[in-house]
Amino acid sequence: MLKRKTDYRLEELAQALYELAEQSYPNGSPWQVGQFLADLQNEWSQYLIFTLENDRLAGFVGFHQLFDEIEIMHIVVAPDRKGQGIGQQLLIGLLEEGQRTEVVAVFLEVRQSNQAAKRLYEKNGFVTIHRRKDYYHHPVEDALIMRKELREIKTKGED
């Protein structure tokens, strides 16, 4: 089941997101609890949270929507739930939200070595548009910037 950040007390959700990210990222969570909390409190920040029957968090996608663009900040799936389609469901939920709110494009960055994530994004129509040299640390690695068009930009006078 997909839930939103508004379904939770933000302090508790920040702690849960941090713990899940800490378990899921190979080098630990890139954000601390306070960073998750600050992000949850921002009006442009949205989260879709995948929960199991027992209300346990199994994954989440955090993203910022500014005007007609979305930037994905995190897609995280619990280690014991990887390969079960949760990442796909989270991404589909985000893309449906973008379609509903007339978003033009979705952006994200991913570690060059993260083959599973790259396959997920490419399967869903994302293309690499840029490489940021040595963007990530622990270990140092390039980031790939990926983009998916959701709709064409109409210029003045077009119908």
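Below or above, wherever it landed, is the structure these notes cover. (Residues numbered from 1 in each chain as written. Predicted model: local features only at pLDDT ≥ 70, side-chain atom pairs only at ≥ 80, totals over all residues. Heavy atoms only, no water.)

### Focus: the nonpolar core
V61, I72, L91, L94, V106, Y121 and F126 are the most contacted members of the largest nonpolar core, which has 26 residues in total. Residue assignment for this core shows that the elements contributing at least two residues are β2 (45–51), β3 (57–66), β4 (69–77), α3 (86–100), β5 (105–111), α4 (115–123) and β7 (141–149). The element best represented in this core is α3, accounting for five residues. Those residues in contact with L91, other than ones at most four positions away along the chain, are I72, I75, L120, Y121, N124 and F126. In terms of nonpolar packing, the next biggest core, distinct from the first, is built from 15 residues, A21, F36, L40 and I49 among them. (Core = buried A, V, L, I, M, F, W, Y, C linked by side-chain atoms within 4.5 Å. Buried < 20%, exposed > 50% of the residue type's maximum accessible area, 1.4 Å probe, protein only. Helix = DSSP H or I, 4+ residues; strand = E, 2+ residues; numbered from the N terminus. Contact = heavy atoms within 4.5 Å.)

### Side note on the side chain of K5
Examined against the element boundaries, K5 turns out to sit in the loop between β1 (2–4) and α1 (10–24). Although K5 is buried, it forms no salt bridge, and the closest oppositely charged side chain is D39 at an N-O distance of 7.1 Å. At 2.7 Å, the side chain of K5 forms a polar contact with the backbone oxygen of L40. Within the structure, the side chain of K5 is placed 2.5 Å from the backbone oxygen of S45, a separation counted as a polar contact. If we skip the residues at most four places from it in the chain, K5 touches L10, L13, D39, L40, N42, S45, Y47 and I49. (Lys, Arg positive; Asp, Glu negative; His and termini not counted. Salt bridge = Lys/Arg side-chain N within 4 Å of Asp/Glu carboxyl O. Polar contact = N/O pair within 3.5 Å; in protein donor to acceptor, adjacent residues only side chain to side chain.)

### Brief notes about the packing of aromatic side chains
Tallying each qualifying case throughout the model produces five aromatic pairs. When the centroid spacing of 6.0 Å and the interplanar angle of 80° are considered together, the rings of F36 and F60 count as edge-to-face. With F36 in helix α2 (residues 33–41) and F60 in strand β3, this pair connects stretches of sequence that are 24 residues apart. Judged by relative accessible area, F60 falls into the buried class, the value being 0%. Joined through ring pairs, the aromatic side chains of W31, F36, Y47 and F60 make up one cluster. (Phe/Tyr/Trp six-rings, centres within 6.5 Å; stacked < 30°, edge-to-face > 60°.)

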